[in-house]
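So the chains spell out like this:
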Amino acid sequence: MGHVDTERRELWDIAPLPVGHPEAAALLRAYYEDIVGRYHGRRATGEEVDAALTEEPSDDLAHPTGHFLVGRWEGRPAGCAGLRVLDERTAELTRLFVLPGARGTGGGARLLAAAERAAAEVLGARVIRLDTRADLVEARALYARHGYTEIPDYNGGKYADHWFEKRIGR
């Protein structure tokens with residue numbers, strides 16, 4: 001089992017990509033289709049996804065206010081992670097997502113690690129914060145496994161139920 005898992009994980013390649021690039025835009029749309037659908041307990045409509053994309057724009061996930069990463073699995077775009085500058089030492093992780101067909105391949109952990117490195121090296125952050133919903137149990141488990149601790153609400157997020165933080169860098 002370990003050998004297969006290692007092989008599958010090595011098929012991930014993660015690199016920055018402008019948030020407006022068509023591959024990034026497609027992944028962001030898939031992200032919102034997933035989380036909006038889970039929120040409503042049914043498949044999200046195109047109008048609901050469009051509304052979410054408008055309500056929560058991602059254009060600040062670019063220099064100098066942020067950073068955006070796309071993960072390719074077996075050469076195809078399959079996941080993403082965004083970072084937003086909150087202050088001179090704090091970055092916010094957002095839009096961490098792996099397409100359903102690539103789940104279970106280690107992509108979430110790889111994207112999380114790449115986002116942590118980018119937060120420290122590109123944005124100069126020493127702390128990463130994030131929010132998530134109660135129904136996103138896989139995300140909460142991933143964050144806990146990777147050293148994130150639950151903190152009080154730091155942003156008043158309309159759809160947030162849980163807030164996490166991790167110290168990174170020096």
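Cut-offs and rules
- Residues numbered from 1 in each chain as written.
- Predicted model: local features only at pLDDT ≥ 70, side-chain atom pairs only at ≥ 80, totals over all residues.
- Heavy atoms only, no water.
- Buried < 20%, exposed > 50% of the residue type's maximum accessible area, 1.4 Å probe, protein only.
- Helix = DSSP H or I, 4+ residues; strand = E, 2+ residues; numbered from the N terminus.
- Pairing = 2+ DSSP bridges.
- Axes fitted to C-alpha atoms, helices over the stretch in contact; angles between N-to-C directions.
- Contact = heavy atoms within 4.5 Å.
- pLDDT = per-residue confidence, 0-100.
- Parallel < 35°, antiparallel > 145°, perpendicular 65-115°, else oblique.
- Left-handed = near helix turned anticlockwise from the far one by under 90°.
- Right-handed = clockwise from strand over helix to strand, strands pointing away.
- Phe/Tyr/Trp six-rings, centres within 6.5 Å; stacked < 30°, edge-to-face > 60°.

### Structural notes on the pairing of strand 2 (residues 66-73)
Of all 8 residues making up strand 2, 7 are buried, and the element is well covered by its neighbours. As paired elements, strand 1 (residues 12-16) and strand 2 share 5 bridges and run antiparallel to each other. When the bridges of strand 2 are listed, W12 appears paired with W73. Pairing of strand 2 with strand 3 (residues 76-87) involves 8 bridges; the strand directions are antiparallel. Residue pairing across strands places G71 opposite G79, the latter belonging to strand 3. Hairpin connection of strand 2 to strand 3: 2 residues between the antiparallel strands, including E74 at a positive phi of 55 degrees.

### What about the sheet that holds strand 5 (residues 127-132)?
Read across the sheet, 7 strands follow the order 1-2-3-4-5-7-6 without closing on themselves; strand pairing throughout is mixed. The open sheet has two free edges, formed respectively by strand 1 and strand 6 (149-151), since each of these has just one partner strand. The average angle at which neighbouring strand axes cross in this sheet is 30 degrees, direction not considered. In the sheet, strand 6 pairs with strand 7 (residues 162-167) via 3 bridges, with the strands oriented antiparallel. Note that in strand 7 the partner of T149 across the bridge is E165. With respect to the sheet, helix 2 (residues 22-40) is in contact with strand 2, strand 3 and strand 4 (90-98), its orientation differing from that of strand 4 by roughly 80 degrees.

### Observations regarding the confidence of the model for the protein chain
Per-residue pLDDT for the protein chain has a mean of 93; in total, 94% of the residues score no lower than 70. Note that residues 1-5 has pLDDT below 50 and, in this model, 0 contacts with residues that lie over four places away or in other chains.

### A short note on the packing of helix 2 against helix 3 (residues 46-55)
Describing two packed helices takes the angle between their axes plus the distance from one axis to the other. Running from amino to carboxyl end, helix 2 crosses helix 3 at an angle of 110 degrees, the nearest separation of the two axes being 9 Å. With respect to helix 3, the axis of helix 2 lies roughly perpendicular. Crossing hand, helix 2 versus helix 3: right-handed. Each of L28, R29, Y32, E33, V36 and H40 in helix 2 lies in contact with helix 3, whose residues at this interface are G46, E48, V49, D50, A52 and L53.

### Considerations on the pairing of strand 4
A large share of strand 4 lies buried, amounting to 9 of its 9 residues. Sheet analysis places strand 3 next to strand 4, joined by 7 bridges and oriented antiparallel. Note that in strand 4 the partner of L83 across the bridge is L93. Between strand 3 and the antiparallel strand that follows it, strand 4, lie 2 residues. With 3 bridges connecting them, strand 4 and strand 5 associate as parallel partners. Within strand 5, the position partnered with A91 by the bridge is I128. Note that the unit made of strand 4, helix 4 (residues 107-121) and strand 5 has a crossover that is right-handed.

### Details of the packing of aromatic side chains
Going through the model one piece at a time under the given rule, you end up with 5 aromatic pairs. On the numbers, 5.9 Å between centres and 80 degrees between planes, the contact of Y31 with F97 is edge-to-face. Of the two residues, Y31 is situated in helix 2 and F97 in strand 4; the sequence distance between them amounts to 66 residues. Here the two residues Y31 and F97 agree in accessibility, since each one is buried. By the ring-pair criterion, three or more aromatic residues cluster together here, those being Y31, Y32 and F97.

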